[in-house]
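Fold and contact review
Each chain, letter by letter, is given below.
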Amino acid sequence: MIEWVGRKTVAGYAYLAALATLFIQAVLDLISPARQGRRETLRVLIRQILFTGVDALPVTSVIALLLGIIIVTQAGTQLPKLGAGGLVGSIIVVTVIRELGPLITAFIVVGRSGTAIATELGNMSVTREVVALRLMGIPISQFVIMPRMVGMVLSMLCLTFYFDVVAVFGGYLVADAQLTIPFSAFVDSVTRALSTTDLLMTAIKGLGFGSAVAAVCCYHGLAVRSSYTEVPQQTTRAVINSFVLCLLVDVVVTVPLYL
Amino acid sequence: MSETAISFVQVRAPLAGSTSCLHLDLRIAAGQFVALVGPSRSGKSLAIELAAGLLPPQSGKVMVLGQDWSALEEAGDGSMRLRVGTVLQQPGLLSNMTLFNNVLLPLRYHRGAMPDPQREQAAMAQLERLGLASLRDRFPAELNHGEIRRGAIARSLMLEPDVLLLDDPVAGLDADMVLVLKQYVDARRQQQPLTVVAALRSFSPFIEGADRLIVLQDGRVEADGSVESVGRTVPPALRRYAG
């Protein structure tokens, strides 16, 4: 049993080290002064931002709006019973902006783009496109991994803030329609509860989740060796590990700050 | 003595799916067209992958254009890749790009200063020579094996390499296309010094004009010489591989 725990722990550290190496290599490629292939890499980066960020706007809008409506409905009906009806804004800030916004955005990105990246890279490995790139002198880290990582991190950051704004708007719709809280009072309640630290935390989480999801999905995509049957297996691992790693990052960021 | 393009110095490498090893100790002169033939699992593809620097040998060393692949890989120097064009059994055309963009990619990536029209003209010229011009906007999934292979060969020559390594170049090609490919490679060799190493499952018109024919079996060189001499000296069981 102890041996099993020891082996799993070592494997866990090795996995995290591999993800960190992948991420650091992508950062080095991003800041590298080499001009070779910059235009082509930029093309891949723009495609990634369009797919992960822009194309995700409709589904993000719907989920954020519904979440805002649900939270304010619950808060607006329960808090007055406790004599805390004025805390609707705080509830929105604490639940959506601090926690659920970044997390649910990360889950949306994992479901849409993380799986796409893992599948795409897995298929590229099986059909030896990855080897073909290497043979053409095109570094995988620069042409394949870096633009996907940067695209995902930037998209995640922007989507997280977008999610927060739409969720707050959803909350306002309920507040206005059911709780008859005027717009100005609602905005005032939210802004009073919102601190610079909250916005900073949202940004840090967006960047952290984006980096974690991108590294995990690229890693598992490239872990496919020679069979198409490995592609769904690695994609599933990428999804599960992305969720776990996002929650881990969340704990690491949140606990020291708010505890 | 002519310059050496590729040398396998006492190379030993394990053959996949077999207990035997590939043993190679040979040099290929610059500008030569060398054909490797032999039955499946004889080590032809492994020899190509070793020459392409995709695998390190278990022992010995593989030198290409005077450079040791393993030293280059350790130093992270990718510039050698531009001097060696390689097409493997699975040619690896990028599935999210059209045939034209696949052929154009090496120039787009490595010749950033080249004007777009010039690059596109160069890519189109290669496609035309290989009878692929009408398929330029198709994706790899819409092409047959022979078309994919020809597209990959065109792509591998876009950077005008000094060495061309081909693994099973005629697989999936009809007899006419084999001749088209042969004429294409011959024309490229006349335009510029180009060392060609092609691995084939059996003798083909593609290698009729080869300078050297090497017959492999179970990882060992069974015959090595001109196409005519190998035909005479090769063991009877391998004669059909040597034409």
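Refer to the preceding data block for the structure.
Let us look at the structure shown here. Per chain, residue numbering runs from 1 following the sequence as it is written. All chains are assigned letters beginning at A, and all ligands numbers beginning at 1, according to the order in which they are written. The model is predicted, so local features are restricted to residues of pLDDT at least 70 and side-chain atom pairs to those at 80 or more, both for listing and for counting; the totals for chains, interfaces and linings are taken over all residues. Here the side-chain values reflect all heavy atoms present in the structure, with hydrogen atoms and water set aside.

Before going further, it helps to spend a moment on helix H3 (residues 57–78) of chain A. All names here are of chain A. With 22 residues, H3 extends 31 Å from end C-alpha to end C-alpha; this agrees with the ideal 32 Å at 1.5 Å per step. Where H3 is concerned, the buried positions are Thr 60, Ser 61, Ala 64, Leu 67, Gly 68, Ile 71, Val 72, Ala 75 and Gly 76. Projection of H3 onto a plane perpendicular to its axis shows the buried side chains occupying an angular sector of 145 degrees, all on one side. The contact criterion used throughout is that any non-hydrogen atoms of two residues lie within 4.5 Å. Runs of H or I in DSSP of at least four residues are treated as helices and runs of E of at least two as strands, each being numbered from the N terminus. Here the buried face of H3 lies against helix H4 (88–126) and helix H6 (140–177). Each residue after the first adds 1.5 Å to the expected span of a helix. Here's how the labels work: a residue is buried when its accessible area is under 20% of the maximum for its type, exposed when over 50%, partly exposed in between, all with a 1.4 Å probe on protein chains only. What the arc measures is the spread of directions leading from the helix axis to the C-beta atoms.

On to the packing of aromatic side chains. We call Phe, Tyr and Trp rings a pair once their centres come within 6.5 Å, taking the six-membered ring for Trp, and we label the pair stacked below 30 degrees between planes, edge-to-face above 60, and tilted otherwise. Taken as a whole, this structure holds five aromatic pairs over all chains when the rule is applied. With 5.8 Å between their ring centres and 85 degrees between their planes, Phe 143 of chain A and Tyr 109 of chain B make a pair best called edge-to-face. Remark: Tyr 109 of chain B occurs in helix H3 (residues 99–110) and Phe 143 of chain A occurs in helix H6; the pair is interchain, linking two chains. Given a relative accessible area of 4%, Phe 143 of chain A falls into the buried group. Ring plane angle 70 degrees and centroid distance 5.7 Å describe the contact between Phe 33 of chain B and Phe 206 of chain B, whose orientation is recorded as edge-to-face. Of this pair, Phe 33 of chain B sits in strand S3 (residues 33–37) while Phe 206 of chain B sits in the loop between strand S8 (195–200) and strand S9 (212–217), and the two are 173 residues apart along the sequence. The exposure class assigned to Phe 206 of chain B is buried, which follows from its relative accessible area of 0%. Positioned above the aromatic ring of Phe 51 of chain A, the side-chain terminus of Arg 112 of chain A is 4.7 Å from the ring centre. Sitting over the face of the ring of Phe 100 of chain B, Arg 136 of chain B holds its NZ or CZ atom 3.9 Å from the ring centroid. Comment: the charge-over-ring label is applied if NZ (Lys) or CZ (Arg) is within 6 Å of the ring centre and within 35 degrees of the ring normal.

Okay, the pairing of strand S1 (residues 4–14) of chain B next. All names here are of chain B. What makes two strands pair is DSSP finding at least two bridges between them. As paired elements, S1 and strand S2 (residues 21–29) share eight bridges and run antiparallel to each other. Residue Arg 12 lies in a different strand from S2, and its bridge partner there is His 23. Connecting the antiparallel pair S1 and S2 is a turn made up of six residues, with Gly 17 showing a positive phi of about 70 degrees.

A 1.4 Å probe that fits but cannot get out identifies a cavity on a 1 Å grid over protein atoms alone, an open set with protein on both sides within 12 Å along at least five of seven lines counts as a pocket, and a residue lines either if it has an atom within 4 Å of a point. Grid points are joined across faces, edges and corners, and a volume is the space filled by probe spheres set on the points. Space inside the largest pocket adds up to approximately 730 Å³. Together, 23 residues line the largest pocket, and Arg 128 of chain A together with Ala 16, Ser 45, Leu 46 and Glu 49 of chain B are the ones closest to its centre. The set of elements that each furnish at least two residues to the lining of the largest pocket consists of helix H5 (129–135) of chain A together with helix H1 (44–51) of chain B. With four residues, the top contributor of residues to the lining of the largest pocket is H1 of chain B.

On to the sheet that holds strand S4 (residues 59–64) of chain B, then. All names here are of chain B. As summarised here, the arrangement of the four strands in space is S2-S1-S4-S5, forming an open sheet in which the pairing is antiparallel. Both outer strands of the open sheet, S2 and strand S5 (67–68), are each paired with one neighbouring strand and no more. For helices, the axis comes from a line fit to the C-alpha atoms of the stretch in contact; other axes are also lines fit to C-alpha atoms, and the angle between any two N-to-C directions lies between 0 and 180 degrees. Contacts from H1 reach S1, S2 and S4 within the one sheet, and its direction differs from that of S1 by about 120 degrees.

Now for the interface of chain A and chain B. As a measure of interface size, the accessible area lost when the parts come together is often cited. With 24 residues of chain A at the interface, the matching set in chain B holds 27 residues. When two parts are put together, the accessible area they lose, computed with a 1.4 Å probe and summed over both, is reported as buried area. Both faces combined, the contact of chain A with chain B buries some 2,100 Å², and carbon together with sulfur accounts for 52% of it. For chain A, the biggest contributors to the area lost against chain B are Arg 134, Leu 135 and Met 136 of chain A; these three give 32% of the whole. Throughout this description, the term salt bridge denotes a Lys or Arg side-chain nitrogen within 4 Å of a carboxyl oxygen of Asp or Glu. At the surface where chain A touches chain B, the tally comes to three salt bridges. One salt bridge connects Arg 39 of chain A with Asp 116 of chain B, and the closest N-O pair in it is separated by 3.1 Å. Breaking the side of chain A that touches chain B down by element, the ones donating at least two residues are helix H2 (38–54), H4, H5 and H6 of chain A. With six residues, the top contributor of residues to the side of chain A that touches chain B is H5 of chain A. Looking at the side of chain A that touches chain B, its residues break down into ten nonpolar, six polar and eight charged. Polarity classes work like this: nonpolar for Ala, Val, Leu, Ile, Met, Phe, Trp, Tyr, Cys and Pro, charged for Asp, Glu, Lys and Arg, and polar for all others, with Gly in that last group.

Once that is clear, we can look at a nonpolar patch on the surface. On the surface, Phe 23, Ile 24, Val 27, Leu 28, Leu 30 and Ile 31 of chain A cluster together into a nonpolar patch covering about 520 Å² of accessible area. Relative to the helices and strands, Val 27 of chain A resides in helix H1 (residues 2–31). Nonpolar side chains (Val, Leu, Ile, Met, Phe, Trp, Tyr) within 5 Å and like charges within 9 Å form the patches, drawn only from residues with over 30% relative accessible area and no salt bridge. Shrake-Rupley sampling with a 1.4 Å probe provides the accessible areas, and residues are treated as covered by the protein chains on show and by no other component.

Tallied over the full model, the rule gives 17 salt bridges over all chains. The closest approach of N and O atoms between Asp 162 of chain B and Arg 83 of chain B, which form a salt bridge, is 2.8 Å. With Asp 162 of chain B in the loop between helix H5 (145–156) and strand S7 (163–167) and Arg 83 of chain B in the loop between helix H2 (69–75) and strand S6 (84–87), the pair connects residues that are 79 residues apart, well separated along the chain. Looking at Asp 162 of chain B, the relative accessible area reads 27%, which means it is partly exposed. The salt bridge partner of Asp 116 of chain B is Arg 119 of chain B, with a shortest N-O separation of 2.2 Å. In this pair, Asp 116 of chain B and Arg 119 of chain B both sit in helix H4 (residues 116–129), three residues apart, roughly one turn of the helix. Taking relative accessible area as the criterion, Arg 119 of chain B reaches 3% and is therefore assigned buried. Connected through salt bridges with shared partners, the residues Arg 39 of chain A together with Asp 116 and Arg 119 of chain B form a single ionic network.

The tally for this structure, following the rule as stated, stands at two cavities of 30 Å³ or more. Those elements that place two or more of their residues in the lining of the largest cavity are H5 of chain A together with S6 and H5 of chain B. Forming the boundary of the second largest cavity are Ile 6, Phe 8, Leu 24, Leu 26, Ile 28, Val 34, Leu 36, Ala 47, Ala 51, Leu 165, Val 197 and Ile 214 of chain B. Where the lining of the second largest cavity is concerned, the elements lending two or more residues are S1, S2, S3 and H1 of chain B. Looking at which element gives the most residues to the lining of the second largest cavity, the answer is S2 of chain B, with three residues. For the lining of the second largest cavity, the residue count by class is twelve nonpolar, no polar and no charged.

Geometric descriptors of this kind do not, in isolation, establish any biological role.
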